[in-house]
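Chain by chain, the residues:
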Amino acid sequence: MNQATYKNGRALFFSFFQRDRLRLLWSLILMVLSSVATLIPAVLVGIAIDELTQNGFSSTFIILSTGVIGAGIVFYVITFLGLYSFMTIAFRFERDIRQEFFDKIQSHSLTFHDENNSSHLLSMGMTEISQMRQGIMPGLRGILQNLFSVIIMIITIYAIAGREMALATLAGFILYYYFALYQARKINPIRMELANTAGEMTEQSQEIFRGIEVVRSFRGELREFLRFKTISEKYSRLGIKEGQIAAFYLPDLILLLLTAILFGVSLFQVTEGTMTVGTMIQILGLLITLQLSSMMLPQMFLFLNAAITNANRLWEKMHWQDPQPDKEVEIIPQINWESYIVFENVTFYYTGSERPALANISLIIPKKSKIAIIGGPGSGKSTFLKLLLQLYLPQEGRILIDGVDYTDIPASEVRKHVSRVEQEIFLFSGTIRENISFANPDATEEEIIRAATAAQAMEFIEKLPQGLDTVIGERGVDLSGGQRQRLAIARAILANPDILLLDDSASALDSKTEELLRKALDNLSADRLTIVVTQRLRTLLDADKIIIFKKGRVLDYGNHRELIGRCAEYQRIFELLPETEKALAKGGIV
Amino acid sequence: MSRSRHGGWLADKKRTRSSKVLLKIFWSYLQPYKFHLAFVAVLTLVYTLAVTYQPIIVQNAIDRLLGGSTFQSLLFLLVLYMGLSLLSWVFQSLITWYMAIVQNELVHTLRIDTFNKLVDADMSYHGKVQSGNVTSRVVNDTQEITAGLGVFTNSLTNVLVAFATLFVLFDISLWFGLVSLLALPTSAIITKVISGRGRAQMLKVRSSLGKVSGALAENLSGVSIAKSFNQEERTSRQIRKLNDETYGYFKQLGTLFTMIFPSISLIGMIMIAGILYIGGYLNQQGLVSVGSIYLGTVMVRRFLSPIMALANNFTNLQASLAALDRIVDVLHMEASIKALQSMNKLVLTKGEIVFEGVYFKYQAREEMNVSSLKRRPDSLAEEERLKFKDLRKQFLEEKRYYVLENVNITFLGGKKTALIGHTGAGKTTITKLLLRFYDPLEGRILIDGQDLKEVSLDSLYENISLVTQEPYLFAGTIMDNIKYGKPDASDDEVYEICRHLGADEFIEALPNGFQTVLQESGKSLSAGQRQMITIARTMLKNPKILVLDEATSRLDAYSESLVQLAQQKLFEGRTTIVIAHRLSTIRDVDQIVVLDKGKVVEVGDHETLMKLKGKYYELYNTYYAHQGLENIAIAS
Ligand SMILES: Nc1ncnc2c1ncn2[C@@H]1O[C@H](COP(=O)(O)OP(=O)(O)OP(=O)(O)O)[C@@H](O)[C@H]1O
Ligand SMILES: Nc1ncnc2c1ncn2[C@@H]1O[C@H](COP(=O)(O)OP(=O)(O)OP(=O)(O)O)[C@@H](O)[C@H]1O
Ligand SMILES: [Mg+2]
Ligand SMILES: [Mg+2]
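Presented here is an overview of the structure given in this document.

Criteria and cut-off values
Residues numbered from 1 in each chain as written. Chains lettered and ligands numbered in written order. Predicted model: local features only at pLDDT ≥ 70, side-chain atom pairs only at ≥ 80, totals over all residues. Heavy atoms only, no water. 1 Å grid on protein atoms, 1.4 Å probe; cavity = no way out; pocket = protein on both sides within 12 Å on 5 of 7 lines; lining within 4 Å. Points joined across faces, edges and corners; volume = space filled by probe spheres on them. Helix = DSSP H or I, 4+ residues; strand = E, 2+ residues; numbered from the N terminus. Near = heavy atom within 4 Å. Polar contact = N/O pair within 3.5 Å; in protein donor to acceptor, adjacent residues only side chain to side chain. Areas by Shrake-Rupley, 256 points an atom, 1.4 Å probe, with all protein chains shown as cover. Nonpolar A, V, L, I, M, F, W, Y, C, P; charged D, E, K, R; others polar. Contact = heavy atoms within 4.5 Å. Buried area = accessible area lost by both parts, 1.4 Å probe. Salt bridge = Lys/Arg side-chain N within 4 Å of Asp/Glu carboxyl O. Donors = N, O, S within 2.8 Å, 3.2 Å for Na, K, Ca; no water. Buried < 20%, exposed > 50% of the residue type's maximum accessible area, 1.4 Å probe, protein only.

All names here are of chain A. Taken as a whole, this structure holds ten cavities of 30 Å³ or more when the rule is applied. Here the largest cavity defines a volume of roughly 340 Å³. Lining the largest cavity are 26 residues, with Leu502, Arg518, Leu521, Val532 and Thr539 positioned closest to its centre. Of all the elements in the fold, those that place two or more residues in the lining of the largest cavity are strand S3 (370-375), helix H18 (511-524), strand S10 (529-533) and helix H19 (537-542). Sort the elements by how many residues they give to the lining of the largest cavity and H18 lands first, with five residues.

Here it is in structure tokens:
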């Protein structure tokens, strides 16, 4: 994966100029030529009229007039070519930045993703990058084109009307640009606020509609409405403010007055006899042409400004510094993944929290064993599994497999051998088949069916109208809780890992289904390490070892028989069960 | 930005209303701004006259110069020119100023109207339409409509300018007028290209960008899955492919537009040359002055640009109308589940809930869209109504997709009922019907004899509360989340509930305790912690009827027992429905309902059902056999 780096946001934005230099140079040259071509007709019309006043409807006049069409054709060809190549570079820029952004963001560790809202990242990846392109085209392009035109026009005026006129025009345009930039700077913060507010508005409404069931059943409609109304009002106020600042646009006035003044001076010079009427027409024609081409300039400045702001924001996300960067691993160590795992004083904090999610964990997980994990909500069970998958690295202590430190193994290597069924199931929109074969897109039909059968998912898949090819919606919303869970189990089984992690994966399954699943898993896990977070007792009894977590610490570690004898917490779990009574009646728990 | 601006006229769906109808609706929204708009119209008129008159001054000056006037005698023309420059600037600015007000206020009104409608829309609508699309109705489409308003006033200016310049041109010479009319067929051709090929290509760009966005969204929120399964390269490749495709479409579209826009300039040049030829010839005949030729060259270009702008406006206007059409769809959408305040209030006496012959199926998986027919059968013509009846019957007969079939259950008032059954049996669906997220296709649901369809939703939700299977939390503090159903609760009440549930401990351990801000549905909490918060939220609301859908599935036995104790203490003597797979969750219930494949198979208390030796007996035994408690005894 190509992972470009940039010094700062500006560098990211202006990397545009380094991407395809030859083509860019070519398109800039064409742009200059196109600026010349835009101004030629105005000059020709002036000359033609002089010719007409002096020599009447002569053949020179006709040639000059035809020249206008010629200039038009030249303009067309040059402008098309110039625009075309510039456009190509600009769209490529958008495409490439989007790809770089995604790759970079995806490669950041989960710590980054914990801190960042995914819908925020999405709008950066889509809208803000599109806006960066707009900063280039039409933004930067329009500004450059305009600058070229102004320069060429001033040169032309110098050539046809002398220094004073040229200087006056120059002064006018310096003022023009000054105020245009000034105005852009004034509007830009409002624009940014508008964009942020729009983002908030989108996020808010998305949140409400995603949780519509909760909103409705708690009668939150009115409150959500008021909340939305507030933000919508804010947006509309900002919009009005922007419109009103933009309304009295000084640069326009400057341009109008410049035209009027040059008109006046020309009038004077013509009456003095130092200028011909044709020249005056040329000057006016040039200014009008320029007025037309400057019409969009304020917009272009805003585009450019916004693009640079966005580039800065994007850069910050792309160049996020991982507090625990991966070690550069040169040689992938030879590891026997069927070996035992050692936790040595492992402590882990999520960023921003002061309390460790896991504190001082030390234990040895025997090879090819069945481990069960129990513990209260938030006691660190899921976190423990995430560390095994190297989704995070512990701040203190070491995890060793086959004697090799986890930090010396690349994450991708770990994940080749370890698979997890996550607690909160995430399914991709697409077919069931695609979801199950996620880890291995080349899986055969047979493999997929085998995995689905083992996960007890085939039972319901078969009943769907399109079977494996049924398309499931946004995050699998149209499946029941247990159905989603079984698809995720099938997905992990298909990956055929050496170490299988199940995070409370039977919580939405009925006992019958769970039993079938357990049997299937027993067959599968005969010679691999399985670690299961569970609230179901049977799994505890079957486990070779049980880890009891409490508030991030290992309270106890041993098999059922040991724990039931020595661990009060463990005993309590059984005492709490109504069925305990029944069991007790049959002879009691030791 | 460009996406939302072009989104509308690219709608894949055909418009269902005529422009006339839509404009009428639009006009009703403009009523409050009548005076603003009238004022803008006057400003526009004056502005047009000013800018049209300016070149005439220049023409005048040229002719006088050629006639040998002195500078003094031309001075007044210069002053007039300057005056008009100022005037046009001021008026233009005022137009922008007022339009900013009208547009922004209008979009605000539209936005909140749409929002309101959507919040009240049927759950089947929300089931079908992705939340992202719903949001785009509210945020993007409304914006698009107001853009149409800008187009409207802009068109007004353009029409005025076009007429004024055309008048001047014809006034100079019939021939000048005729040359300038060349603009008309040109603009017609260009409009045709834009709305034909342009539109088609824009559509491709849009849907392709949509795919990129969808893939990006999914891969960003599912990033841990891609990482876990080592599929980062693949997702990257997937994005690259879509990205490349989009680039291709963008390039095609760009090529089309880069071909069109300079061509307008070319046409302008041809027209200017035409004016020069004709003007020169006529000048020789003494029919037009040199000044008039100049005026002609200025005016043809002036004429061309509003005509082109109008062509462009036309497409933009189509965009706004299409957006309006979609919005009107929403605004006129009549929820089949009505939340009329005027309906009777639900009065609870015993709290008995009865499902009477309830049939239900989700429509999302249906081929035929009966829901649209179901919406307003009375507004249909007789013939259509018959057809509708047919379809409905057909739909009902199509058994394959029934999620609930002839469900008859009585949830005893003041008692605790357990709902059990295999996964996918339809348990969650029952809760959804009970909360009236959907209405049954057939049959009734009664609470204390009152049909759910005849009581107001407000009174329903006041009395009944659900803890959903999937916990959903809002961005905001934990405190706000717990108070969601009872915003006026005191903090102490919240602490109290959390203490009962044993949730206080972990909340207080968070960096900011109860004031900790959750983001993205609480992704920084553990699954069980999230579930605890949703339980606290519901318990705080203190409903008379409580529905728990796998509410404790993510909790350990100890935490679950705390929840059960709290529930016993706080909800003693109230109707409670508990759904659970863990039979430990449903100890001490008064009644058990066993659901299988959408049908009720057994009802009764534990003893009765055990005696039946049916489904429950089987479930119970597998559960215990499975839980291996006998083994515990044996093992010891
Ligand atoms: N929004 C929906 N659109 C279409 N079908 C749905 C939708 N929600 C659920 N279903 C289907 O309806 C059936 C019943 O689902 P339901 O969620 O009621 O099951 P459940 O009994 O709650 O199962 P579980 O114990 O797994 O939660 C399932 O086959 C499911 O696929
Ligand atoms: N992404 C995160 N950012 C910050 N804190 C987190 C994050 N995920 C979990 N935590 C916190 O870390 C602790 C351990 O969480 P973990 O998810 O490991 O618990 P668990 O044992 O799996 O609980 P459950 O049984 O509820 O799933 C909890 O206090 C939780 O609030
Ligand atoms: Mg967990
Ligand atoms: Mg369910």
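From this point, the narrative continues.
All right, on to the site of ligand 2 then. What surrounds ligand 2 is a group of 20 residues, the closest being Lys381(A), Ser382(A), Thr383(A), Ser526(B) and Gly528(B). Proximal residues around ligand 2 fall on chains A and B, making this an inter-chain site. With respect to ligand 2, the side chain of Ser382(A) contributes an N or O atom lying 2.6 Å from an oxygen atom. When isolated, ligand 2 has an accessible area of 630 Å², and the protein chains bury 92% of it. At the level of elements, helix H12 (381-388) of chain A together with helix H19 (527-541) of chain B are the ones that each hand at least two residues to the shell around ligand 2. For the shell around ligand 2, a count of residues per class yields five nonpolar, eleven polar and four charged.

Turning next to the interface of chain B and chain A. Note: interface size is frequently given as the accessible area lost on complex formation between the parts. In this assembly, 172 residues from chain B lie in contact with 183 residues from chain A. Both sides together, the interface formed by chain B and chain A hides about 16300 Å², and carbon and sulfur atoms give 65% of it. Along the contact surface separating chain B from chain A lie eight salt bridges. In this structure, Arg484(A) and Glu470(B) form a salt bridge, with 2.7 Å as the shortest nitrogen-oxygen distance. There are 36 residue pairs in polar contact (both at pLDDT 80 or more) connecting chain B and chain A.

Residues and elements named next belong to chain A. Only Ser382 (OG) and Gln423 (OE1) from the protein coordinate the magnesium ion (ligand 3), and they sit 1.9 to 2.1 Å from it. Of this pair, serine 382 sits in helix H12 while glutamine 423 sits in the loop between strand S6 (418-421) and strand S7 (430-431), and the two are 41 residues apart along the sequence. Taking the relative accessible area as the measure of exposure, serine 382 reaches 16% and is therefore buried. Taking relative accessible area as the criterion, glutamine 423 reaches 15% and is therefore assigned buried.

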